[in-house]
Amino acid sequence: MAYAEKHLIALEAVEIGGRHVKRYHVTADPAGIEPEVEKAAYALLPELLPEPDGTPAASFTVLHRGGDTGAYLNVYSWAWDNVLHFAGAAAGQPALDCPDTDPTRFVPVTGTDRDRSWIGCVWELAPLAHERAAWIRHVLAPDAPDLPAYLADALRSGTTD
């Protein structure tokens, strides 16, 4: 399998289920992810967010449109002040127990009876280092957490390299 970079698109943060969610899209298509795939993914998002635990309520997502019929939603939420909680969903990928190849029919892939403790593929992991550094810079290092500064600090759109 030959490796090729993909497009990384940083979108504006939104509030969902009482959490602030930074959003990234990954796709080989320069036009971006189809609106119907995006809408279906974010409709499932509230089910993938953890309960509040006193940590500033922030998460970030990576929505990845694969090169085949698959679409993947990775949800990383800050918990215990300095820990990332992970939950994921997939659509259009029968190998992950999706009902068919429709990229808008998302199903959770974490918490199933199969061991799928994956946190993301090479393209989906691009934002993790940035988000870790931003969390330290704006939430853990200051005398008081600055959640608005963290939410404004997103990885720049470009490629996943």
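Residues numbered from 1 in each chain as written. Predicted model: local features only at pLDDT ≥ 70, side-chain atom pairs only at ≥ 80, totals over all residues. Heavy atoms only, no water.

Asks: If you had to explain helix 2 (residues 126–140) to someone new, which residues and values would you point to?
Replies: When the terminal C-alpha atoms of helix 2 are compared, their 21 Å separation across 15 residues agrees well with the 21 Å that a helix rising 1.5 Å per residue should span. If you check which residues of helix 2 are buried, you get Pro 127, Leu 128, His 130, Glu 131, Ala 134, Trp 135, His 138 and Val 139. Considered in projection along helix 2, the buried side chains sweep an arc of 165° and stay on one side of the axis. Turned more than 90 degrees from where helix 2 packs its buried face, Ala 129 and Arg 132 sit exposed. Taken together, the buried residues of helix 2 touch strand 1 (7–16), strand 2 (19–27), strand 3 (58–65), strand 4 (71–79) and helix 3 (147–152). (Helix = DSSP H or I, 4+ residues; strand = E, 2+ residues; numbered from the N terminus. Expected span 1.5 Å × (residues − 1). Buried < 20%, exposed > 50% of the residue type's maximum accessible area, 1.4 Å probe, protein only. Arc of directions from axis to C-beta. Contact = heavy atoms within 4.5 Å.)

Asks: Summarise the pairing of strand 4; cite the residues concerned and give the values.
Replies: Of all nine residues making up strand 4, nine are buried, and the element is well covered by its neighbours. Judged by which residues are buried, strand 4 turns out to be covered on both faces: Ala 71, Leu 73, Val 75, Ser 77 and Ala 79 on one side and Tyr 72, Asn 74, Tyr 76 and Trp 78 on the other are all buried. As consecutive antiparallel partners, strand 3 and strand 4 are separated by five residues. The pairing of strand 4 with strand 5 (residues 83–91) spans nine bridges and is classified as antiparallel. (Pairing = 2+ DSSP bridges.)

Asks: Explain helix 1 (residues 35–48) to me, using residue names and the numbers behind them.
Replies: Its 14 residues give helix 1 an end-to-end C-alpha distance of 20 Å, which sits within 8% of 20 Å, the value for a rise of 1.5 Å per residue. Within helix 1, burial applies to Val 37, Glu 38, Ala 40, Ala 41, Tyr 42, Leu 44, Leu 45 and Leu 48.

Asks: Break down the layout of surface pockets for me, citing the residues and quoting the values.
Replies: Counted as a void, the largest pocket has a volume near 370 Å³. In this structure, the largest pocket is lined by 26 residues; those nearest its centre are His 64, Tyr 72, Gly 120, Cys 121 and Glu 124. For the lining of the largest pocket, the secondary-structure elements that each account for two or more residues are strand 4 and strand 5. Top contributing element to the lining of the largest pocket by residue count: strand 5, with four residues. When grouped by side-chain class, the residues that make up the lining of the largest pocket number 15 nonpolar, six polar and five charged. (1 Å grid on protein atoms, 1.4 Å probe; cavity = no way out; pocket = protein on both sides within 12 Å on 5 of 7 lines; lining within 4 Å. Points joined across faces, edges and corners; volume = space filled by probe spheres on them. Nonpolar A, V, L, I, M, F, W, Y, C, P; charged D, E, K, R; others polar.)

Asks: Can you lay out the nonpolar core for me, pointing to particular residues and giving the numbers?
Replies: What tends to happen in soluble globular proteins is that the nonpolar side chains get buried as a cluster. Among the nonpolar cores identified, the biggest contains 19 residues, and Leu 45, Leu 48, Leu 63, Leu 73, Val 75, Ala 89 and Phe 106 are the most heavily contacted of them. Secondary structure elements with two or more residues in this core: helix 1, strand 4 and strand 5. Here this core gets seven residues from one element, more than from any other, and that element is helix 1. In this view, Val 75 contacts Leu 45, Leu 48, Leu 49, Phe 60, Thr 61, His 85, Phe 86 and Ala 87; residues no more than four positions away in its chain are not counted. Formed by 16 residues, the second largest nonpolar core is a distinct cluster that contains Val 26, Trp 123, Val 139 and Tyr 150. (Core = buried A, V, L, I, M, F, W, Y, C linked by side-chain atoms within 4.5 Å.)

Asks: Can you tell me about the packing of aromatic side chains, naming the residues and giving the values?
Replies: The tally for this structure, following the rule as stated, stands at five aromatic pairs. Ring centres of Tyr 76 and Phe 86 lie 5.3 Å apart, and the angle between their planes is 50°; on these two criteria the pair is classed as tilted. Placement of Tyr 76 in strand 4 and of Phe 86 in strand 5 is noted, with a sequence separation of ten residues between them. By the ring-pair criterion, three or more aromatic residues cluster together here, those being Phe 60, Tyr 76 and Phe 86. (Phe/Tyr/Trp six-rings, centres within 6.5 Å; stacked < 30°, edge-to-face > 60°.)

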